[in-house]
Amino acid sequence: MTDHLDVRRPVAVYTDADDTDITPGVRLLEAAGYEVRVLGTRDAAEIIAGARDAEVLLPGYASITREIIDALPELRIIALMSMGFDYVDIDAAAERGVWVTNVPGAATEEVATHALAILLHAVRQLPFYLASATPGDWNSRADAAPPRLSETTLGIVGLGKIGRELARLAGPLFGRVLGYDPLLPDTAAVRAELDGLGVTRTDLDEVRRSSHVLSLHLPLTPQTERMVDAAFIDGMPQGAVLVNVSRGALIDEPALAAALDRGRLSAAALDVLSEEPPSPGHPLVGRRDVVLTPHIAYFSARTEIEYVRIQAQNAVALRETGAPEAPVNRPVVAPPGATPERTPATAPGAAPGRTPATAPGTAPGRTPDAASERTQRS
């Protein structure tokens with residue numbers, strides 16, 4: 001009599017993939033022995049019903065709540081197709097022994113380049129001059145002339161990979177560059193790198209008070225949500241430009257609109273909003289003093305492939321080595337088969353010097369990150 005062995009393959013489930021070709025990820029997972037399903041939904045009940053036996057959950061834009069995590073008993077990893085992870089309940093995942101991973105560095109060049117592009121677009125008042133390049137308005141001029149960049153200061157809040165890359169790209173254009181990041185270690189190597197980039201590291205108040213152009217490169221956390229409010233803006237130089245390619249909710253949007261209305265700020269350059277897509281009548285949409293792009297700073301022919309590949313590779317690495325390559329949390333209880341001593345602080349891809357134990361303001365179970373590249377699938 002022949003024994004019948006259970007050959008059931010582990011299950012990996014994509015929740016949604018609206019605008020992404022996930023074929024490379026599917027192939028990678030299947031080659032590693034996974035059965036792959038694509039649900040095509042962001043609805044929590046449908047995700048729970050379709051992923052009850054899943055070891056791997058691969059969200060696109062879907063929010064992954066405690067309700068979903070608690071309903072999936074086999075779940076070992078939530079592999080994100082994004083740098084940001086504010087749409088996952090990280091604490092619930094850590095409590096359940098579930099890894100959460102992201103795609104660090106996949107779009108560093110793209111996001112920094114996009115920040116510089118929209119920054120220059122705003123500072124040079126291109127929305128006004130593109131609209132006035134007509135026979136009737138050819139000689140029109142904006143209310144105030146744009147500044148000379150070499151006589152202005154660029155401030156970078158968040159000196160992660162993207163913030164530092166922006167400094168490298170934009171530094172030669174500005175008179176000086178100031179930077180703030182409470183999580184970046186103050187070591188000789190870091191100081192040497194910042195010196196090489198021409199960045200003067202200082203406190204947040206100095207960056208805010210002195211920067212004619214201020215660019216945000218932060219994750220969205222309870223500490224950073226709406227940190228740029230009316231009081232923050234009032235502490236910026238008159239006529240400054242605010243740039244955000246990170247998370248829309250870093251900014252109190254009504255306060256920003258009011259500051260633009262009264263001329264406190266001359267312009268804003270944004271790739272993100274707190275609500276995407278925005279509702280009709282959003283106060284920052286359709287304005288000449290706001291350069292707005294639809295959350296595409298990360299986007300390129302390269303990142304289209306890399307986001308999908310790295311997302312799947314994190315799941316494959318967990319299956320093959322016991323730890324994912326790019327964790328953002330530290331599970332309280334190691335999932336079945338995980339190697340206990342291999343935590344996010346030491347796993348491949350973890351940033352040296354940025355561990356959950358030493359980063360100020362970081363909740364237990366989280367690995368901080370100083371730069372965001374993509375929201376809601378992203």
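Everything here concerns the structure above.
S.K.: Looking at this model, I keep getting lost on the overall build of the protein chain. Mind explaining?
M.R.: Each helix and strand counted, the protein chain has 12 helices and 12 strands in total. Here the protein chain, with 378 residues, has 53% of them falling under the buried criterion. The contacts of the protein chain with a sequence gap of at least 6 include a subset with a gap of at least 24, amounting to 65%.

S.K.: Any chance you could explain the pairing of strand 1 (residues 11-14) here in plain terms?
M.R.: One face of the sheet, then the other: side chains in a regular strand alternate in exactly this way. Here strand 1 shows a buried face lined by V11 and V13 and a second buried face lined by A12 and Y14. Relative to strand 2 (residues 35-38), strand 1 runs parallel, the two sharing 4 bridges. Bridge pairing in strand 2 links V13 to R37. With helix 1 (residues 23-31) bridging strand 1 and its parallel neighbour strand 2, the resulting β-α-β unit is right-handed. Examined bridge by bridge, strand 1 and strand 3 (residues 54-58) share 4 bridges and lie parallel to one another. Each bridged residue has a counterpart across the sheet, and for A12 the counterpart in strand 3 is V56.

S.K.: How should the sheet that holds strand 3 be read in this particular structure?
M.R.: Backbone-to-backbone hydrogen bonds join strands into a sheet, with any given pair of strands oriented parallel or antiparallel. The sheet built from 5 strands is open, its strands ordered 2-1-3-4-5 with parallel pairing. Either end of the sheet is taken by a strand with one partner, and the two such strands are strand 2 and strand 5 (99-101). Each neighbouring strand pair of the sheet contributes to a mean axis angle of 20 degrees, computed without reference to strand direction. Sitting on the sheet, helix 1 touches strand 1, strand 2 and strand 3, and the angle it makes with strand 1 is about 170 degrees. Packing of helix 12 (residues 301-321) onto the sheet brings it into contact with strand 1, strand 3, strand 4 (77-79) and strand 5, and relative to strand 4 it is tilted by some 155 degrees.

S.K.: Sorry, what's going on with the sheet that holds strand 8 (residues 199-201) here?
M.R.: Read from one edge of the open sheet, 7 strands run 8-7-6-9-10-11-12, paired in parallel fashion. Two strands bound the open sheet, and with one partner strand each, they are strand 8 and strand 12 (290-292). Averaged over neighbouring strand pairs, the angle between their axes works out to 20 degrees when direction is ignored. Bridging between strand 9 (residues 213-216) and strand 10 (residues 240-244) involves 4 bridges; their strand directions are parallel. Paired with V213 across the bridge in strand 10 is V241. Of the strands in this sheet, strand 6 (153-157), strand 9, strand 10, strand 11 (265-270) and strand 12 are in contact with helix 5 (residues 108-123), which crosses strand 11 at around 150 degrees. Helix 7 (residues 161-170) contacts strand 6, strand 7 (176-180), strand 8 and strand 9 of the sheet and is inclined by roughly 165 degrees relative to strand 6.

S.K.: I'm lost on the packing of helix 1 against helix 12 in this one. Help?
M.R.: The axes of two packed helices give the description: the angle between them and the distance between them. Across the interface, helix 1 lies against helix 12 with an axial gap of 8 Å and an inter-helix angle of 20 degrees. Overall, the two elements helix 1 and helix 12 adopt an arrangement that is roughly parallel. Handedness of the crossing formed by helix 1 with helix 12: right-handed. In this structure, helix 1 uses P24, G25, L28 and L29 to contact helix 12, whose residues at the interface are V308, R309, A312, Q313, A315 and V316. Residue composition of the contact of helix 1 with helix 12, grouped by class: 7 nonpolar, 2 polar and 1 charged.

S.K.: Sorry if this is basic, but what is going on with the environment of V316 here?
M.R.: In this structure, V316 sits in helix 12. Counting along the chain gives 284 residues from V316 to A32, while the straight-line C-alpha distance between them is 6.3 Å. Excluding anything up to four places from it in sequence, V316 contacts L28, L29 and A32.

S.K.: Just to check I follow, could you spell out the environment of Y129 for this structure?
M.R.: Position of Y129 relative to the elements: it lies in helix 6 (residues 126-131). Here the alpha-carbon distance between Y129 and S140, two residues 11 residues apart in the chain, equals 8.1 Å. Apart from residues lying up to four places away in sequence, Y129 is in contact with R124, S140, R141 and A142.

S.K.: Just checking my understanding: could you explain helix 12 for this structure?
M.R.: Residues that lie three or four places apart on an α-helix share one face, since the helix turns once every 3.6 residues. Over its 21 residues, helix 12 extends 30 Å from the first C-alpha to the last, a length consistent with the 30 Å expected when each residue adds 1.5 Å. Positive backbone phi, at 90 degrees, marks G322, one or two positions downstream of helix 12.

S.K.: Whenever I open this one, the environment of G97 confuses me. Can you help?
M.R.: As for its position among the elements, G97 is in the loop between helix 4 (90-95) and strand 5. For G97, a relative accessible area of 1% corresponds to the buried category. In sequence terms G97 and R330 are 233 residues apart; their C-alpha atoms lie 8.2 Å from each other.

Reading guide: rules and limits
Residues numbered from 1 in each chain as written. Predicted model: local features only at pLDDT ≥ 70, side-chain atom pairs only at ≥ 80, totals over all residues. Heavy atoms only, no water. Helix = DSSP H or I, 4+ residues; strand = E, 2+ residues; numbered from the N terminus. Buried < 20%, exposed > 50% of the residue type's maximum accessible area, 1.4 Å probe, protein only. Contact = heavy atoms within 4.5 Å. Pairing = 2+ DSSP bridges. Right-handed = clockwise from strand over helix to strand, strands pointing away. Axes fitted to C-alpha atoms, helices over the stretch in contact; angles between N-to-C directions. Parallel < 35°, antiparallel > 145°, perpendicular 65-115°, else oblique. Left-handed = near helix turned anticlockwise from the far one by under 90°. Nonpolar A, V, L, I, M, F, W, Y, C, P; charged D, E, K, R; others polar. Expected span 1.5 Å × (residues − 1).

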